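A look at the structure
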Amino acid sequence: MDAQKIVEVFEAYFEKFKKTEGDRTSWSAYWTVYTPGHSFEINMTKCPRGTRFKIFSDKRKIEEIEGWEAFLGSLDRLEAAYGPTFERGDFFAQMEEML
């Protein structure tokens, strides 16, 4: 799945499933995939500071990425470090199925 399609899918998913963080200035939506014994989650948050992505592996936060450009640039590295649990084509295809 190319970068533009990933942005389109995640933005559409976000608009459909976003929840407020309490004060209605921050909104987030997350998607998690599971493999036997493992999970991988990406939480997208939009707030006054911008768009942020919190990455979790096996329910532990591994990093936070600011902005689409940095997030898209990190996908190769995340696949290498957390594959086969995280594989972008599968991850975003599953997310797209929920739309």
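Here's what I pulled together on the structure shown here.

Quick notes on the rules
Residues numbered from 1 in each chain as written. Predicted model: local features only at pLDDT ≥ 70, side-chain atom pairs only at ≥ 80, totals over all residues. Heavy atoms only, no water. Helix = DSSP H or I, 4+ residues; strand = E, 2+ residues; numbered from the N terminus. Buried < 20%, exposed > 50% of the residue type's maximum accessible area, 1.4 Å probe, protein only. Contact = heavy atoms within 4.5 Å. Expected span 1.5 Å × (residues − 1). Phe/Tyr/Trp six-rings, centres within 6.5 Å; stacked < 30°, edge-to-face > 60°. Lys NZ or Arg CZ within 6 Å of the ring centre and 35° of its normal.

Re the environment of P48
Position of P48 among the secondary structure elements: in the loop between β3 (38–47) and β4 (50–57). Owing to a relative accessible area of 70%, P48 belongs among the exposed residues under this scheme. A C-alpha to C-alpha distance of 6.8 Å links P48 and T25, two positions 23 residues apart in sequence. Ignoring any residue separated from it by four or fewer positions in sequence, one finds P48 in contact with T25 and S26.

Topic: helix α1 (residues 3–17)
Compared with the 21 Å implied by 1.5 Å per residue over 15 residues, the 21 Å span of α1 between its first and last C-alpha is a close match. All buried positions along α1 are accounted for by I6, V7, V9, F10, Y13 and F14. Buried-residue contacts for α1 involve β2 (27–35), β3, β4, α2 (68–82) and α3 (88–97).

Topic: the packing of aromatic side chains
Taken as a whole, this structure holds 14 aromatic pairs when the rule is applied. Arranged with centres 4.6 Å apart and planes meeting at 25°, the rings of F40 and F86 form a pair that is stacked. One end of the pair, F40, is in strand β3; the other, F86, is in the loop between α2 and α3, with 46 residues separating them in the sequence. The two residues F40 and F86 agree in class, both being buried. Both rings, one in F86 and one in F91, keep their centres 5.4 Å apart while their planes meet at 70°; by these two values the pair is edge-to-face. Assessed through its relative accessible area of 1%, F86 is described here as buried. By the ring-pair criterion, three or more aromatic residues cluster together here, those being F10, F40, F53, W68, F71, Y82, F86, F91 and F92. We note K18 situated over the ring of W27; from NZ or CZ to the ring centre the distance is 5.3 Å.

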